[in-house]
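# A closer look at the structure
As a plain string of letters, each chain reads:
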Amino acid sequence: MNEFELEKIVSFITEKIGIIPLESHKSGIGKFIEKKIKAIGSFRNYFLKIQSDTNELEELVNGSTVNETYFFREEKQFDLLKQRFFPEWINRNGTKPIKIWSAACSEGAEAYSLLLLASSCHVKSEILASDINTAVLKKCRSGVFKASLLRPGDGEKYRYLVQKYINQNGEIEFDETMRSKIATKRINLAKIEKEKSIIEKQDIIFVRNVFIYFSRETRAKILKVLSENYLADGGIIFVSMNEIAQVDSSMTPEGLRKISDGDVFYFVKTK
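Treat the numbers as computed from the prediction; the structure is a model and nothing was measured. (Residues numbered from 1 in each chain as written. Predicted model: local features only at pLDDT ≥ 70, side-chain atom pairs only at ≥ 80, totals over all residues. Heavy atoms only, no water.)

## Section: the overall build of the protein
Per the secondary structure count, the protein includes 10 helices and nine strands. A globule of 271 residues ought to have a C-alpha radius of gyration of about 18 Å, and the protein, at 19 Å, matches this closely. With the principal axes as the frame, the protein shows a C-alpha extent of 60 × 50 × 35 Å. Buried residues in the protein amount to 52% of all 271 residues. The long-range fraction of contacts in the protein, counting pairs at least 24 apart against all pairs at least 6 apart in sequence, stands at 77%. (Helix = DSSP H or I, 4+ residues; strand = E, 2+ residues; numbered from the N terminus. Rg over C-alpha atoms; globule rule 2.2 N^0.38 Å. Buried < 20%, exposed > 50% of the residue type's maximum accessible area, 1.4 Å probe, protein only. Contact = heavy atoms within 4.5 Å.)

## Things to note about the sheet that holds strand S7 (residues 231-238)
If you walk across this open sheet you meet the seven strands as S5-S2-S1-S6-S7-S9-S8, and the pairing is mixed. Of all strands in the sheet, those bounded by a partner on one side alone are strand S5 (182-186) and strand S8 (256-261). On average, adjacent strands in this sheet sit at an angle of 25° to one another, irrespective of strand direction. Bridge count between strand S6 (residues 202-207) and S7: four bridges; the pairing is parallel. Looking across to S7, one finds that Phe206 is bridged to Phe238. Sheet strands touched by helix H7 (residues 134-142): strand S2 (125-131) and S5. Its angle to S5, the strand with the most contacts, is close to 170°. Of the strands in this sheet, strand S1 (98-103), S6, S7, S8 and strand S9 (264-269) are in contact with helix H10 (residues 216-230), which crosses S7 at around 150°. (Pairing = 2+ DSSP bridges. Axes fitted to C-alpha atoms, helices over the stretch in contact; angles between N-to-C directions.)

## What to know about the packing of helix H2 (residues 23-40) against helix H4 (residues 54-64)
Relative orientation of the contacting elements H2 and H4 amounts to 150°, with a least axis distance of 9 Å. Overall, the two elements H2 and H4 adopt an arrangement that is roughly antiparallel. H4 is crossed by H2, and the crossing has right-handed handedness. Between H2 and H4, the contacting residues are Ile29, Phe32, Ile33, Lys36 and Ile40 on the first element and Glu56, Glu59, Leu60, Gly63 and Ser64 on the second. Grouping the constituent residues of the contact of H2 with H4 by class yields five nonpolar, two polar and three charged. (Parallel < 35°, antiparallel > 145°, perpendicular 65-115°, else oblique. Left-handed = near helix turned anticlockwise from the far one by under 90°. Nonpolar A, V, L, I, M, F, W, Y, C, P; charged D, E, K, R; others polar.)

Following this line, the structure appears as structure tokens:
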């Protein structure tokens, strides 16, 4: 496969699902496609197939999206939940479940981190994990993760919440009781305005480490649709601490305000 053919596939991916693959990820996409071409026979045949076969397109999407994740990633945001938001929720709502959406959840470590933290704070929660990649959603539903997703440094202070789920093979394995508390759904954030009543309104939305794959216009659109359609009044949105600088005031919709709490930024729906 030559450079022109790779760029043709990359453009097709952007057209179909809205993501703009980073330069550093294109080599991985190229290797995936080369394996498919070898099986199918030619680039032309493969390109025709992904245009007409939804299963083949789904495989391309799964092979093209990056799924780096680990437990309690960017732990300062979890600190804010534990020290402020969860106690405030209990004071206002008692035992009412808090609805939390882990958008772009990857394999699900973020969703389980949210579940574990809420439970440890005696907060009932309803967790939704969504992604465009069906393979990682399946992984999330399995509840089995490599122990390497518990990392030294960032997130380590919450290791104790995961520790009891490490099995005899050294894997992290959540039981059925835990797995049943996380709902999964395939959602393409880049096309979210075309979704029809995908979920009810959420109290907290985590949409982290995904904006880097979208254009400025798409980021603004996602924030607007999330705020207007899927975020409860007074609800909050977290983006990655590495991405917050990419979301300036011109991209923030009316009714969504950026807040700073120490060195943690988040958005709150004011109306």
